[in-house]
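Listed below are the residues making up each chain.
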Amino acid sequence: MEALELKSKRRWLHERRNDPYFILSKKEGYRSRASFKLKQIIGKYRIIKPGDNVLDIGCAPGGWLQVASQHVGNSGMVLGVDLKPVEDLELENVKTCVLNVFDEDFTNKVMRISGGKFDVVLSDLSPNMSGIYEIDHARQIEMVERVISLLKDLLRKGGCLVIKIFEGQYARRVDRKVFRMFKFVKRVKPKASRKSSSEYYLVARFFKGS
Ligand SMILES: C[S@@+](CC[C@H](N)C(=O)[O-])C[C@H]1O[C@@H](n2cnc3c(N)ncnc32)[C@H](O)[C@@H]1O
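Rules used in this analysis
- Residues numbered from 1 in each chain as written.
- Predicted model: local features only at pLDDT ≥ 70, side-chain atom pairs only at ≥ 80, totals over all residues.
- Pairing = 2+ DSSP bridges.
- Helix = DSSP H or I, 4+ residues; strand = E, 2+ residues; numbered from the N terminus.
- Axes fitted to C-alpha atoms, helices over the stretch in contact; angles between N-to-C directions.
- Parallel < 35°, antiparallel > 145°, perpendicular 65-115°, else oblique.
- Left-handed = near helix turned anticlockwise from the far one by under 90°.
- Contact = placed C-beta atoms within 7 Å.
- Nonpolar A, V, L, I, M, F, W, Y, C, P; charged D, E, K, R; others polar.

In the case of a regular strand, side chains alternate between the two sheet surfaces. As paired elements, strand S5 (residues 155–166) and strand S7 (residues 199–207) share six bridges and run antiparallel to each other. When the bridges of S7 are listed, Leu161 appears paired with Ala204. Here strand S6 (residues 182–188) runs beside S7; their pairing, made up of six bridges, is antiparallel. Bridge pairing in S7 links Arg187 to Leu202.

See below:
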């Protein structure tokens, strides 16, 4: 069993070392290869503008924070929250906070830092993987539904959302919810998202409000 685990870990390390987005993220100083997924989404859908106030839920180690920071510029602000602390990015327009998305007081805690609703909410939340797909899918969907339920208090009317979803039996249910809440919704799989991964993203614009 241990030999098998060691073998699959070695394979994973080998694949990671040869992954073009992993190599690019190291070269360009990004905290994660995931940065390129957000870059590709923004490149096509322009969901973050200079001056925007952005909330990034599940932000560690900080790749999306770096990308969002570049797009909001000096007049904008990005707040990242995660269960894990984010090592200081030394970016003036980025704040981070250790916070569980299921914290009962999530909205108040976030609003106390931001001082108001957000123009854009990003969610790249993933649970700790058990390796059993049905369990991981159900846990991830629970997070997605939690984020969706918070939007009416967090996102301004007309605002945008980018949210990761694990494909599976409950995915269509959350898709439908997001389609009802926004005027424009697109289901996307950025090039940087591994083909072998079951994840996709919903890019949503023009939030209808509560
Ligand atoms: C795929 S990573 C995000 C990567 C990030 N977008 C980047 O570019 O660096 C998913 C994150 O979700 C966080 N997470 C998982 N469960 C959470 C929860 N209940 N509350 C807040 N964050 C959570 C994990 O700690 C992890 O850092």
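The next point concerns the packing of helix H6 (residues 133–154) against helix H7 (residues 171–181). Two elements in contact, H6 and H7, have axes separated by 11 Å at closest approach and are oriented at 15 degrees. In this view, H6 runs roughly parallel relative to H7, as classed from their interaxial angle. Considering only the axes of H6 and H7, their crossing is left-handed. Of H7, the residues touching H6 (which contributes Ile141, Val144, Glu145, Ile148 and Leu151) are Val174, Lys177, Val178 and Met181. Within the contact of H6 with H7, the residues separate by chemical class into seven nonpolar, no polar and two charged.

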